[in-house]
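Structural features, examined
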Amino acid sequence: MIKAVMMINTQGKPRLSKFYDFMTVEKQQELIRGVFSELCSRPENVSNFLEIDSLFGPDSRLVYKHYATLYFVLVFDASENELAMLDLIQVLVETLDKCFSNVCELDIVFNYSKMHTVLDEIVFGGQVLETNSTEVMKAVEEISKLEAASNAISLVPKSVSGWRGR
């Protein structure tokens, strides 16, 4: 099971974090700081896999990928395959690139709800749902269409709204 998904910039600011086990906000912030301190202390020529029992408990592993100014991080238990998790990061980044035409940190900051929609289409409740970025994009586009349609629906009939202006 996936325990957490994080996107942290190189200054240690979390740009997106999602925890699939209940934790207080303070505990989440502590874990994000701990993960960042582990990542920034590692040389670039070492493995992207870490045993992280000290932060997340026994049998916890972490895999990360560093793109430009962001660390993409997955924390998971022993039931998940490390290489599959590394590939899942690649799927997430590819999907975000399709979504935002070469994703950058600002896209994550200013499109927070779309980021969560993409992530929820790939991972939900700690389980991997979809690994095909084309299928994820279809679902995200469909959700965007539904949101646009629901925003266009007026809950107050025009006859009533015109009455108020008198």
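The sections below set out a description of the structure shown in this document. Just so we're clear, the structure is a prediction, and the values are computed from it rather than from any experiment.

Remarks on the pattern of salt bridges
For the coordinates displayed, the defined rule picks out six salt bridges. Between Lys-18 and Asp-120 there is a salt bridge, with its nearest N and O atoms 2.5 Å apart. Taken together, the positions of Lys-18 in strand S2 (residues 14-19) and Asp-120 in helix H5 (residues 112-122) put the pair 102 residues apart, joining distant regions of the chain. Residue classification places Asp-120 among the partly exposed positions, given a relative accessible area of 23%. Here the salt bridges share partners, and the residues they tie into one network are Glu-51, Arg-61 and Glu-82.

Topic: the sheet that holds S2
Strand pairing within a sheet occurs via backbone hydrogen bonds; the two strands may be parallel or antiparallel. Pairing is antiparallel in the open sheet, where five strands are placed in the order S2-S1-S5-S4-S3. Two strands close off the open sheet at either side, each with one partner strand: S2 and strand S3 (49-51). Going across the sheet, the axis of each strand differs from the next one's by a mean of 15 degrees, ignoring polarity. In this sheet, strand S5 (residues 70-76) lies alongside strand S4 (residues 61-67) in antiparallel orientation, the contact comprising seven bridges. Opposite Val-63, over in S5, you have Leu-74 as the bridge partner. Contacting strand S1 (2-9), S2, S3, S4 and S5, helix H1 (residues 25-40) crosses the sheet at an angle of about 65 degrees to S1.

Some thoughts on unusual backbone geometry
Backbone geometry at Asp-59 places phi at a positive 60 degrees, although glycine is not the residue there. Within the secondary structure, Asp-59 is located in the loop between helix H2 (53-56) and S4. The backbone of Ala-68 sits at a positive phi, close to 50 degrees, despite the residue not being glycine. Topologically, Ala-68 is positioned in the loop between S4 and S5. Residue Ala-68 is classed as exposed on the basis of its relative accessible area, which comes to 73%.

So, the packing of aromatic side chains
Taken as a whole and assessed by the stated rule, the structure comprises three aromatic pairs. Ring centres 6.2 Å apart and planes at 65 degrees place the aromatic pair Tyr-64 and Tyr-71 in the edge-to-face group. We classify Tyr-64 as buried; its relative accessible area is 6%. Measuring from ring centre to ring centre gives 5.7 Å for Tyr-67 and Phe-72, while their planes differ by 80 degrees; the resulting arrangement is edge-to-face. Using a relative accessible area of 24% as the deciding quantity, one classes Tyr-67 as partly exposed. Residue class for Phe-72 comes out buried when judged on its relative accessible area of 4%.

Side note on the nonpolar core
Counting residues in each nonpolar core, the largest one holds 29 residues, and the members touching the most others are Ile-2, Met-7, Phe-72, Leu-74, Leu-96, Val-118 and Ile-122. Residue assignment for this core shows that the elements contributing at least two residues are S1, S5, helix H3 (82-100), H5 and helix H6 (133-152). Broken down by element, this core gets its largest block of residues, nine residues, from H3. Ile-122 has contacts with Leu-88, Val-91, Leu-92, Thr-95, Gln-127, Val-128, Leu-129, Glu-130 and Val-136, leaving out every residue within four places of it along the chain. By size, the runner-up hydrophobic cluster in this structure holds 18 residues, among which are Leu-39, Phe-56, Leu-62 and Tyr-71.

With respect to the pairing of S2
Summarising the sheet, S1 and S2 pair through five bridges and their orientation is antiparallel. The residue bridging Ile-8 from the neighbouring strand is Pro-14, located in S2. Hairpin connection from S1 to S2: four residues lie between these consecutive antiparallel strands, with Gly-12 at a positive phi of about 95 degrees.

Section: the environment of Tyr-71
By the secondary structure assignment, Tyr-71 is in strand S5. Overall, the relative accessible area of 10% leaves Tyr-71 in the buried class. Dropping the residues within four chain positions of it, Tyr-71 is found in contact with Met-6, Met-7, Ile-8, Asn-9, Thr-10, Phe-36, Leu-39, Cys-40, Tyr-64, Lys-65 and His-66.

Parameters at a glance
Residues numbered from 1 in each chain as written. Predicted model: local features only at pLDDT ≥ 70, side-chain atom pairs only at ≥ 80, totals over all residues. Heavy atoms only, no water. Salt bridge = Lys/Arg side-chain N within 4 Å of Asp/Glu carboxyl O. Helix = DSSP H or I, 4+ residues; strand = E, 2+ residues; numbered from the N terminus. Buried < 20%, exposed > 50% of the residue type's maximum accessible area, 1.4 Å probe, protein only. Pairing = 2+ DSSP bridges. Axes fitted to C-alpha atoms, helices over the stretch in contact; angles between N-to-C directions. Contact = heavy atoms within 4.5 Å. Phe/Tyr/Trp six-rings, centres within 6.5 Å; stacked < 30°, edge-to-face > 60°. Core = buried A, V, L, I, M, F, W, Y, C linked by side-chain atoms within 4.5 Å.

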